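Residue-level listing of the chains:
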Amino acid sequence: MKSATAPTAVFRYGPNGNQILDNEIHNNGNPASTSGNGLDGVYDNENTSGNIYAGNYIHNNGRAGGSNLDHGLYLCGNNEWVINNVVTANDSRGLQIAGYTTTSNMKVYNNVFAWNGVDGVTVWQDMNGITIENNIMYQNGRYGVQFSAATAPGW
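So, here's what we can say about the structure. Only a predicted model underlies this, so the values are computations on that prediction, with no experimental measurement involved. (Residues numbered from 1 in each chain as written. Predicted model: local features only at pLDDT ≥ 70, side-chain atom pairs only at ≥ 80, totals over all residues. Heavy atoms only, no water.)

## Here's the deal with the overall build of the chain
Each helix and strand in the chain was counted, giving zero helices and 17 strands. Long-range pairs, those at least 24 residues apart, make up 73% of the contacts in the chain between residues at least 6 apart in sequence. Of the roughly 6900 Å² of accessible surface on the chain, 49% is carried by carbon and sulfur atoms. (Helix = DSSP H or I, 4+ residues; strand = E, 2+ residues; numbered from the N terminus. Contact = heavy atoms within 4.5 Å. Areas by Shrake-Rupley, 256 points an atom, 1.4 Å probe, with all protein chains shown as cover.)

## Structural notes on the packing of aromatic side chains
Considering all chains together, one arrives at five aromatic pairs under this definition. Ring geometry for Tyr-74 and Tyr-100: centres 6.4 Å apart, planes at 35°, overall tilted. Placement of the pair is Tyr-74 in strand S8 (residues 71-75) and Tyr-100 in strand S11 (residues 93-104), with a sequence separation of 26 residues. Taken together, a centroid distance of 5.5 Å and an interplanar angle of 85° make the contact between Tyr-100 and Trp-124 edge-to-face. Highlighted residues: Tyr-100 in strand S11 and Trp-124 in strand S14 (residues 119-128), separated in sequence by 24 residues. On the basis of relative accessible area, Tyr-100 is assigned to the partly exposed category, the value being 41%. Here the aromatic residues Tyr-43, Tyr-74, Tyr-100 and Trp-124 are joined through ring pairs into a cluster of three or more. (Phe/Tyr/Trp six-rings, centres within 6.5 Å; stacked < 30°, edge-to-face > 60°. Buried < 20%, exposed > 50% of the residue type's maximum accessible area, 1.4 Å probe, protein only.)

## Re the pattern of salt bridges
Taken as a whole and assessed by the stated rule, the structure comprises three salt bridges. Residue Asp-70 pairs with Arg-63 through a salt bridge whose shortest N-O separation is 2.8 Å. A relative accessible area of 0% means that Asp-70 is categorised as buried. A residue is classified by how much of its surface remains accessible, and Arg-63, at 4% relative accessible area, is buried. In this structure, Asp-119 engages Arg-142 in a salt bridge whose closest nitrogen and oxygen atoms are separated by 2.9 Å. Here the residue Asp-119 occupies a position in strand S14, and Arg-142 occupies one in the loop between strand S16 (136-138) and strand S17 (143-151), the gap between them amounting to 23 residues. The class of Asp-119 is buried, set by a relative accessible area of 0%. (Salt bridge = Lys/Arg side-chain N within 4 Å of Asp/Glu carboxyl O.)

## Description of the environment of Val-86
Within the secondary structure, Val-86 sits in strand S10 (residues 86-88). With a relative accessible area of 34%, Val-86 lands in the partly exposed category. Not counting chain neighbours up to four residues away, the residues in contact with Val-86 comprise Asn-56, Tyr-57, Ile-58 and Val-112.

Below you can see the structure in the form of structure tokens.
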């Protein structure tokens, strides 16, 4: 898949060990919608594990100026890698890591998060072993990295 546009381009509720490599994922969730669901470029839920997101250009996803729910990547899985991506100009967050059940062992390395509407990266809810290292955060709407209600063993 070289270019994808839809309400959500990549939607994972299961099989594990997938690789999403070298794609352009853009303009998903646009035009405006009154849906209470997030409209993301990439979504995976807490039942996924071992997925790799590498070398992608993920941009302009979400309802323009409309929702705090629309992100470039919205990831809840375990043992996942987010590496060497450029994630820009998404309506809310570039990457939201959500721990509905404890999200563990996620590696976020060598990415660019720029010009996202709210944060470059948000870490939200229960986490264990999340590593965010060697990324560039540039002119996001609020924070480069935000921890919101984030809990982890030993915190």
